[in-house]
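# Descriptive structure summary
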Amino acid sequence: MKIRKINPPLALLLMGVSLTANAFIVDWNKITHWAGRGDNRAALVVQFADDGPRKAYVWGYRWEDASHHPSGEEIFRAIASECDDLYLFTQFTGWMGNTVCGIGYSKDCAVADHIEFDFEAAMADPCISFNWFSANETLGQTSTPGWDTPELCAEAIEDSKTTHILEHPIDARRYGYACYDYDHWGAYATDSSMRWQAGWYEGYWSYWVGGVDSESLAYSGLGYTSRQLSDGSVDAWKFTSLAGGNGDEVDGITGATTPWHELDYHHFDTSGLTEVETASRPAFCKYFRLDGTAVADIASAPAGIYVEVSATSVRKIVKQ
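I will try to describe carefully the structure that is included in this document.

Calculation criteria
- Residues numbered from 1 in each chain as written.
- Predicted model: local features only at pLDDT ≥ 70, side-chain atom pairs only at ≥ 80, totals over all residues.
- Heavy atoms only, no water.
- Salt bridge = Lys/Arg side-chain N within 4 Å of Asp/Glu carboxyl O.
- Helix = DSSP H or I, 4+ residues; strand = E, 2+ residues; numbered from the N terminus.
- Buried < 20%, exposed > 50% of the residue type's maximum accessible area, 1.4 Å probe, protein only.
- Polar contact = N/O pair within 3.5 Å; in protein donor to acceptor, adjacent residues only side chain to side chain.
- Contact = heavy atoms within 4.5 Å.
- Expected span 1.5 Å × (residues − 1).
- Arc of directions from axis to C-beta.
- Core = buried A, V, L, I, M, F, W, Y, C linked by side-chain atoms within 4.5 Å.

### Some thoughts on the pattern of salt bridges
- Counted under the stated rule, the structure contains seven salt bridges.
- The partner of Glu167 in a salt bridge is Arg77, with the nearest N and O atoms 2.6 Å apart. Of this pair, Glu167 sits in strand 7 (residues 165-167) while Arg77 sits in helix 2 (residues 72-82); the two residues are 90 residues apart in sequence, bridging distant segments of the chain.
- Of the residues examined, Glu167 reaches a relative accessible area of 36% and is grouped as partly exposed.
- Overall, Arg77 belongs to the partly exposed group, its relative accessible area being 21%.
- In this structure, the salt-bridge partner of Glu158 is Lys161, at a minimum N-O distance of 3.1 Å.

Written out as structure tokens, the structure is:
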């Protein structure tokens, strides 16, 4: 993992900084997107910094063995693999493991169909130390991909359409040193519900760890490969601009914090649901709103989405 240089006093500040603006508490009962199985649970929160909705999306992860402490990378990969709307762009960057290069959010992971790597722009970027044609031995680079780079990246993007995980092919495992070119991986689409942000020098995904109360979240001094979670843990990712702009988004490296947005537990759940006629409902059902409150009389309840619980099933219905 590439280390960002921070002055010692600032580094100490970062380790203890907490989020105070727009505080939230994760409600386990509201999480509708889960990966894994078991009684232990952790939550993943992702917040973009773009022109899209001011929301922080929430996913959950479960596991059986309480003595096992899954890594932040383990839960992120599991959720991206099992859920239909989260997309992970990651790269092996060295002995500390993998780095989160980018995150996408879209219905049915459609963002994977729109990602492109701009090789020409990356080659012209003076911030990138990796050399595609002559190994930069000073940095420990051992080999080069050369003009095969665009094809290698295109193949990785194609593979990600199935896995929902884009493995950056120009990594430290293959070349001795990773190519930090994330600013040049873009997703070009007209669907306003599709969200994608990747970056390193112009902006990056800052990592926050703690418990369900956002007041407990602190800027992580470790990458997500090294992070170990326990039951009740929360991992939160927030894109932070390093070039200014993006409204109230500010530089996480300086110790300043970015306000959290409203939590979104349901994502694209309102699509694909079918109306259930009263006559087709099984007997002895109970009905609840999406926030968990009971509905005394479903027949007189207003139009909306409800959860129907019977002796044999639990399902969402749409009442019109």
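Once the structure has been displayed, the description carries forward.
### Comments concerning the environment of His33
- For His33, the position within the fold is in the loop between helix 1 (8-16) and strand 1 (34-36).
- For the pair His33 and Asp85, spaced 52 residues apart in the sequence, the C-alpha separation amounts to 9.4 Å.
- Of note is the side chain of His33, whose polar atom sits 3.5 Å from the side chain of Thr32.

### A closer look at the side chain of Gln141
- Within the secondary structure, Gln141 sits in the loop between helix 3 (119-124) and helix 4 (149-163).
- At a separation of 3.1 Å, a polar atom in the side chain of Gln141 contacts the main-chain carbonyl oxygen of Ser143.
- Residues within four places of Gln141 in sequence aside, it is in contact with Phe130, Asn131, Ala135, Asn136, Tyr175, Gly176 and Tyr177.

### Quick word on unusual backbone geometry
- Phi is positive for Cys109, which is not a glycine, with a value near 50°.
- Along the chain, Cys109 turns up in the loop between strand 5 (97-105) and strand 6 (115-117).
- Not every positive phi belongs to a glycine, and His267 is a case in point at roughly 55°.
- On the secondary structure map, His267 appears in the loop between strand 13 (262-264) and strand 14 (286-289).

### Quick notes on helix 4
- For helix 4, built from 15 residues, the straight-helix expectation of 21 Å at 1.5 Å per residue is met to within 8% by its first-to-last C-alpha distance of 21 Å.
- Buried within helix 4 are the following residues: Thr149, Cys153, Ala156, Ile157 and Ser160. Looking straight down helix 4, one finds that the buried residues subtend no more than 100° of arc, so they occupy a single side. Opposite the buried face of helix 4, by more than 90 degrees, sit the exposed residues Glu151, Asp159 and Thr162.
- Lining the buried residues of helix 4 we find strand 4 (86-94), strand 6, helix 3, strand 7 and strand 8 (185-187).
- Count one or two residues on from helix 4 and you reach His164, which has phi positive near 70°.

### Observations regarding the environment of Cys101
- Residue position: Cys101 is located in strand 5.
- Through-space distance from the C-alpha of Cys101 to that of Thr90 is 5.1 Å; in sequence the pair is eleven residues apart.
- Discounting residues that sit within four places of it in the chain, Cys101 has contacts with Phe89, Thr90, Gln91, Tyr182, Gln197, Ala198, Gly199 and Trp205.

### A few points about the nonpolar core
- Among the nonpolar cores identified, the biggest contains 31 residues, and Tyr87, Ile115, Phe130, Leu166, Trp185 and Trp196 are the most heavily contacted of them.
- Elements that contribute at least two residues to this core include exactly strand 4, strand 6, helix 3, helix 4, helix 5 (172-175) and strand 9 (195-198).
- When residues no more than four places from it in sequence are discounted, the contact partners of Trp196 are Phe48, Tyr87, Phe89, Gly102, Ile103, Gly104, Val111, Ile115, Trp185, Gly186 and Ala187.

Distances and angles like these do not, on their own, reveal function.
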